[in-house]
Amino acid sequence: MNLKADNPIGIFDSGIGGLTVAHAIKELLPNEQLIYFGDTAHLPYGDKASYSIKHYAVELSKFLLNKNCKVIVIACHTASSVAYEEVKEIIGDQAIVLNVVDPIVQKLIEVGKGKIGVIGTKGTIQSEIYPNKLKGLSGSMEVRPLATPLLCPMIEEGFINDNISRTVIDSYLSQEQLSNIDKIVLACTHYPLIKKQVNEFYENKVEVIDSSEVVAIHLKKVLEERGLLNPKRNEEHHFFVSDYTQAFEKSTRFFFGERVKLEKGSIWS
Ligand code: DGL
């Protein structure tokens, strides 16, 4: 592996929701150049067959590799759950490949006990990635996954702090599956935007694990260990999408904290 510290960090997601992860990375690692790809042409991944997600994820990774990325971060929880192995296999040792599930699993293992709620798309929950990864690792940990498919479209439409969002959030979090939990994992790119509302529902008595922050911290550690932290950023960030609309560009502000210019990229080889 001949990776250079001043090479960019590649990040991909099914759409622009992964900008929450890009934002957390930018905040923690301001010297790094980011190349982001949102596969808006194939959004949402949460309802897609795993073979489609694997295919898209591999093509997106090749795109980022062609941009000389030293790391490829699979920001999408659904793609991390079903396509990580395929991406790793295709990229080999040409770049470091990170997913958003393993750093959270690692964090949970460190604590090692309690009832853990996990909310995410149908794809993430049906993959059973969290119960499988945590199985047998700790006798006193119980994983309680729940698919919450209404949350993504709700957040994308800007319903995060009103009667509609409160009704949807309360209805999901009141399910038997999520009762008496100690922690809840926000296992989706979009959910950091409703972290406050989830905290309010649980009256701050349940630890809410924001995957975007956990992943940024993990990435920093990996770069430090490999001597790949960029001391100074000379290049601009780039944000690509496979399907450009003004609406996507407008929503970048919502997910990234500032509006960014989207470029049309193609993942068809
Ligand atoms: N990015 C997806 C995830 O984190 C959510 C949106 C979608 O279904 O594509 O699972």
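Note that this is a predicted model, so its numbers are computed, not measured.

Trainee: What exactly am I supposed to notice about the overall build of the chain here?
Mentor: The helix and strand tally for the chain stands at 11 helices and 10 strands. Along the first, second and third principal axes, the C-alpha atoms of the chain reach 50 × 40 × 35 Å. Counting across all 269 residues of the chain, residues that qualify as buried make up 55%. Counting contacts in the chain only where the partners sit at least 6 residues apart, residues at least 24 apart contribute 77% of the total. Total accessible area on the chain is roughly 12,300 Å²; 47% of this is exposed by carbon and sulfur atoms.

Trainee: Whenever I open this one, the sheet that holds strand β4 (residues 96-99) confuses me. Can you help?
Mentor: Strand pairing within a sheet occurs via backbone hydrogen bonds; the two strands may be parallel or antiparallel. Spatial ordering of the open sheet is given by β4-β3-β1-β2-β9-β10, a layout of six strands whose pairing is parallel. The sheet is open, and its two edges are formed by β4 and β10 (263-264), each paired on a single side. Sheet topology places strand β2 (residues 34-38) next to strand β9 (residues 238-241); four bridges connect them, and they run parallel. Opposite Ile35, over in β9, you have His238 as the bridge partner. Where helix α3 (residues 77-91) meets the sheet, it contacts β1 (9-13), β3 (71-74) and β4, and its direction lies at approximately 175 degrees from that of β4.

Trainee: Got a minute to help me understand the layout of surface pockets in this structure?
Mentor: Where empty space is left in the structure can be found by rolling a water-sized probe over the atoms. If you add up the space inside the largest pocket, you get close to 290 Å³. What lines the largest pocket is a set of 19 residues, among which Pro44, Tyr45, Gly46, Thr121 and Cys152 lie closest to the centre. Where the lining of the largest pocket is concerned, the elements lending two or more residues are α3 and α7 (151-156). The dominant element in the lining of the largest pocket, judged by the number of residues it contributes, is α7, at three residues. Split by residue class, the lining of the largest pocket holds eight nonpolar, seven polar and four charged. Considered as a void within the structure, the second largest pocket measures approximately 240 Å³ in volume. Lining the second largest pocket we find Pro103, Gln106, Lys107, Glu110, Glu213, Val214, Ile217, His218 and Lys221. Taken together, the elements giving at least two residues each to the lining of the second largest pocket come down to α4 (102-111) and α10 (211-225). Residues that form the lining of the second largest pocket fall into these classes: three nonpolar, two polar and four charged.

Trainee: Please clarify how α3 should be interpreted in this entry.
Mentor: Note that an α-helix has 3.6 residues per turn; residues three or four places apart therefore point the same way. Largest kink in α3: about 75 degrees, centred on Ala83. Three or more residues of α3 are buried, namely His77, Thr78, Ala79, Ser80, Ser81, Val82, Ala83, Tyr84, Val87 and Ile91. Positive backbone phi, at 55 degrees, marks Gly92, one or two positions downstream of α3.

Rules used in this analysis
Residues numbered from 1 in each chain as written. Predicted model: local features only at pLDDT ≥ 70, side-chain atom pairs only at ≥ 80, totals over all residues. Heavy atoms only, no water. Helix = DSSP H or I, 4+ residues; strand = E, 2+ residues; numbered from the N terminus. Buried < 20%, exposed > 50% of the residue type's maximum accessible area, 1.4 Å probe, protein only. Contact = heavy atoms within 4.5 Å. Areas by Shrake-Rupley, 256 points an atom, 1.4 Å probe, with all protein chains shown as cover. Pairing = 2+ DSSP bridges. Axes fitted to C-alpha atoms, helices over the stretch in contact; angles between N-to-C directions. 1 Å grid on protein atoms, 1.4 Å probe; cavity = no way out; pocket = protein on both sides within 12 Å on 5 of 7 lines; lining within 4 Å. Points joined across faces, edges and corners; volume = space filled by probe spheres on them. Nonpolar A, V, L, I, M, F, W, Y, C, P; charged D, E, K, R; others polar. Bend = angle between axes of the 7 residues up to and from the residue.

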